[in-house]
Amino acid sequence: MSSDAKNGGGGSPIPSDSDSGGGRGDVWDEEANRGGATPGENDEKIIGEKEANNSGGVDGADIHANMHNDIVTEEANRNLMTMAVNATIEEQITQHAFNESLHAQQDAYRSYQEDFVGRVDSGTGGAATESGLGQQPGVEENQEARVPGIMFIPGPDYTGNGIHTGYNSDQERDEFLEGLARLGIPFVEADPVFPVENAESQHAHQDSPSLRNEIAEESPPGDFVHAEHVPTFDIFGRKIPRMYAVTVACLVALILAVAIVVPTTLLSTNNANTEEDPRKVRIANEITTIAQGDVKNQYSPQGLAMAWMLGENNTQMDVPRDSELIKQRFTLAVLFYSTGGESSWTETGNFLSADHVCEWSEQQVGCDDKDEVTELNLADNELGGILPRELSYLSRLKHLNLARNPGLSGTLLSEIGELSSLETLDFSDNSFEGTISANFANLSNLTYLSLHNNALTGTEWSTIVPRLQNLRHLDFGKNKFSPNYASHDQIDLEYDTEYGAHRDIFGLTHLEYLDLSEIDLRTSQFFQFDIPPTIGNLVNLTVLNMASSGIGGRLPTQLGNLIKLEEMLLSGNELGRAGINPSEGIPTELGELKELKRMSLESTDIGGEIPSTLGKLTKLEDLNLNFAGLTGQIPHELGRLDDIVILKLGGNSLNGPIPAGLFHDKLEELWLIDNELSGSIPAEIGNATGLQYFLAGGNRLEGSIPPEIGNATALTAVSLYDNMLSSSLPDTIGNLLELDSIELDGNGLTGELPSSMGNLEKLMYFHAADNSFGSTLPTALGMLTALQELGLTSCGMTGGIPTEMGNLVNLSCVTHA
């Protein structure tokens, strides 16, 4: 600062009205325009001018005239002040945080007390001293007065000799202060407290805008104590400075912005740039219309599909030109995301590529000549989750195969009933549950329907299926339809004039394959234990599987009408114990099924004798009559079944001899256990060169084991326990190199065990207890290295165990006495 300013004299006089138009703002403006002085120099000049006025250099009338003229120029002054303040503000924004400014104010107050005395003359009120400033009029000595902080702005109620603030109204002042607050610049309208000796000095300071700016730049503000003139808000009964209230409001606004903007940003994947790209807007609107899920949720299958549809792989599409293609692509994308396409599918082909959907995978997606999807085959592909309802948009779909994906669950979509073009539907071996929707009755073109091995319940299927008059393949086996024991009466078959067929399932005359196994048919409206005679209408049927389905009673003779039948599986039912009509055994009419290759009545207790007409089934390969409650003899006509591979007659009450004609080269399994058969084992057993299982234990067979058995070299298991066989084991038994099990317990066999048994390297089980073999074990047994169990109790053997048997490291059970 200049010495003149310190001593209260000198300095340029204030120009007259005629020179400058009057006013302190004009001095600052003139100096600034000339560029001849820095803001600090201007401050000193203005202070000197003020001090001269106070010393009588300009009388009161002149001051009044100057102040009047200030009004004319105060708009320009205000603009110039605003520019200077804004420049300072911008610099402070980049250099100081708000909290740092507050702490710095304390130091500014102390610095101001030390420096202000030397910078402002005491004027008319007296000289400044080291202890303080000149006393303000009306303020006693040592009373607290106010000095500026970082920026001193006199309030509208300030009546001292300070400079004009340039406010035309309180509203204008408030707007200016709010602007400072928004920029985070601390300010006061009341001054920091300090002892006052000369108020004129304070007034002189207040009259200098450039000095205020200098102080704002050089020294941070002091403590704020007086708030009458600070803009405030009344919040919960307390006056809060507007600056702080605005700051808090900004923080609240920021928090709300984060809460709103961040989730909005998460959804930007689906919405980005759609406003800028009308094509994407149209596509997004189209998808929003057809989506069956929340497209706004970016993690939902529909949201993921929407994002993909708006991505780079779909840039060539537009609405309405490609509306159908958009539906197809969106539907397949939703299916992909709904069923784990990204994580679990074993084969994804070109799914979700930029290629046309018809080129995604030849094995998985098929199209017609109009490039519309007609086939979808995702069987055995590790799909999981729940099918999307959007599948109904594949309106041209004819073949849908999602079989053997056990991770697929949920209910069967009713929307599938809208796929009116569907011809084949295979959802077998999955985990679907719930009932079958009545909408399935709309699939009038359906020829193949398989829901095998799911967890479906209810009885609705029995009223839906009869409507599907074009069905050729129906498989509802292995589901959990709930039993209904309300009535045991057979439902009368009614003719349905609307559909022109019997309402029961046997009105589906086009059926070729029918599997109703393991579903308890007592839940249906047309099965009450007995198979109805209308089954004879299914003349095109090739497979009938009703195993373990809860049927009972008499087998209808109309089964003989099924002349195309190749498989008839009725095992696991109570045909001989329940039903309206008592069983009469196996109908002889079954002998008319000349195409039959497989028949099973196992565990049915159907009773009666084996009809000789079965010998006419020359194409029969598998006949299972185990545990069927049969009596009588085995018809020798069965010996004509030259193609028979598996013949199971065990667990019955059959008697008489074993027909020699049963043994031929195609026979692999012969089950005769637990009957009452008598006579000897036919020597023709040697003709059965393909025989693997000869199970005839639990009968009354007698005589010796024929040596011809050694020709049946494919044998792996021989069971002759609990018979009346005698004589010794034939030495030819050593030819059965595939043998792994021999059961000879409970016979009258004698003699020594043949040493040829040492050739049976695959033998694991040898049970021959309760016989009369020789006294010693052959050392050849030590060569049976695969042997695990050896049972020779009550065989009359008194010799020791050969040391060679120490080689039998797999032997875990030995009974020998």
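Only a predicted model underlies this, so the values are computations on that prediction, with no experimental measurement involved. (Residues numbered from 1 in each chain as written. Predicted model: local features only at pLDDT ≥ 70, side-chain atom pairs only at ≥ 80, totals over all residues. Heavy atoms only, no water.)

1. Here's the deal with the overall build of the protein
Each helix and strand in the protein was counted, giving 15 helices and 37 strands. Buried positions account for 49% of the 817 residues belonging to the protein. For the protein, the share of sequence-separated contacts (at least 6 apart) that also reach a separation of at least 24 residues comes to 63%. When the accessible surface of the protein is totalled, it reaches about 36200 Å², and 48% of it is carbon and sulfur. (Helix = DSSP H or I, 4+ residues; strand = E, 2+ residues; numbered from the N terminus. Buried < 20%, exposed > 50% of the residue type's maximum accessible area, 1.4 Å probe, protein only. Contact = heavy atoms within 4.5 Å. Areas by Shrake-Rupley, 256 points an atom, 1.4 Å probe, with all protein chains shown as cover.)

2. A short note on the packing of helix H13 (residues 301-309) against helix H14 (residues 323-338)
The contact between H13 and H14 brings their axes to 8 Å, and the two run at 130°. The angle between the axes of H13 and H14 places the two elements in the oblique class. Between H13 and H14 the crossing geometry is right-handed. Of the residues in H14, those in contact with Pro301, Gln302, Leu304, Ala305, Met306, Trp308 and Met309 of H13 are Ile326, Arg329, Phe330, Ala333, Val334, Tyr337 and Ser338. (Axes fitted to C-alpha atoms, helices over the stretch in contact; angles between N-to-C directions. Parallel < 35°, antiparallel > 145°, perpendicular 65-115°, else oblique. Left-handed = near helix turned anticlockwise from the far one by under 90°.)

3. Re H14
Here H14 contains 16 residues, and its C-alpha end-to-end distance of 22 Å stays within 8% of the 22 Å for a straight helix at 1.5 Å per residue. Counted residue by residue, H14 has 13 buried out of 16 residues, so it is predominantly covered. Positive backbone phi, approximately 80°, marks glycine 340, located one or two places after H14. (Expected span 1.5 Å × (residues − 1).)

4. Looking at the sheet that holds strand E31 (residues 724-727)
Here we have seven strands laid out as an open sheet, ordered E23-E25-E27-E29-E31-E33-E35, and parallel in their pairing. On the outer flanks of this sheet lie strand E23 (631-633) and strand E35 (772-773), each paired with one strand and no other. With three bridges joining them, E23 and strand E25 (residues 653-656) adopt parallel strand pairing. Paired with glycine 632 across the two strands is leucine 654, which belongs to E25. (Pairing = 2+ DSSP bridges.)

5. Some words on the pattern of salt bridges
Inspection of the entire model under this criterion finds 13 salt bridges. For the salt bridge of aspartate 643 with lysine 666, the shortest nitrogen-to-oxygen distance reads 2.8 Å. In this pair, aspartate 643 is assigned in the loop between E23 and strand E24 (646-648) and lysine 666 in the loop between E25 and strand E26 (669-671), connecting sequence segments 23 residues apart. One continuous salt-bridge network, built from bridges that share partners, spans Glu567, Arg598 and Asp622. (Salt bridge = Lys/Arg side-chain N within 4 Å of Asp/Glu carboxyl O.)

6. Side note on the environment of leucine 641
Structurally, leucine 641 can be placed in the loop between E23 and E24. Residue class for leucine 641 comes out buried when judged on its relative accessible area of 1%. Excluding anything up to four places from it in sequence, leucine 641 contacts Leu614, Gly615, Leu617, Thr618, Leu620 and His664.

7. Digging into the side chain of asparagine 479
Mapped onto the elements of the fold, asparagine 479 is located in the loop between strand E15 (473-475) and strand E16 (495-496). In this structure the side chain of asparagine 479 is engaged in a polar contact, spanning 3.1 Å, whose partner is the backbone oxygen of leucine 451. In terms of polar contacts, asparagine 479 uses its side chain to reach the backbone carbonyl oxygen of phenylalanine 476, at 2.9 Å. With near-sequence residues (within four places) excluded, asparagine 479 lies in contact with Leu451, His452, Asn453, Asn454, Ala455, Leu456, Glu518 and Ile519. (Polar contact = N/O pair within 3.5 Å; in protein donor to acceptor, adjacent residues only side chain to side chain.)

8. Section: the nonpolar core
Judged by nonpolar contacts, the single largest core of 150 residues is most densely connected at Phe427, Ile436, Trp461, Leu514, Phe694 and Phe766. Elements supplying a minimum of two residues to this core: helix H12 (278-290), H13, H14, strand E7 (373-377), helix H15 (461-464) and strand E36 (789-792). When residues in this core are grouped by element, the largest group, eight residues, is from H14. Filtering out sequence-adjacent residues up to four positions away, isoleucine 436 remains in contact with Leu412, Leu451, Leu456, Glu460, Trp461, Ile464, Phe476 and Phe481. (Core = buried A, V, L, I, M, F, W, Y, C linked by side-chain atoms within 4.5 Å.)

9. Some words on H12
Its 13 residues place the ends of H12 19 Å apart at the C-alpha level, agreeing with the 18 Å of an ideal helix rising 1.5 Å per residue. Among the residues of H12, Arg279, Lys280, Ile283, Ala284, Glu286, Ile287 and Ile290 are the ones counted as buried. Buried residues along H12 cover an arc of 160° about the axis, so they all sit on one side. Next to the buried residues of H12 lie H13 and H14. The N-capping residue of H12, defined by a side-chain oxygen 3.1 Å from the backbone nitrogen of arginine 279, is aspartate 277. (Arc of directions from axis to C-beta.)

Fair warning: the whole summary comes from geometry, so function is off the table for now.
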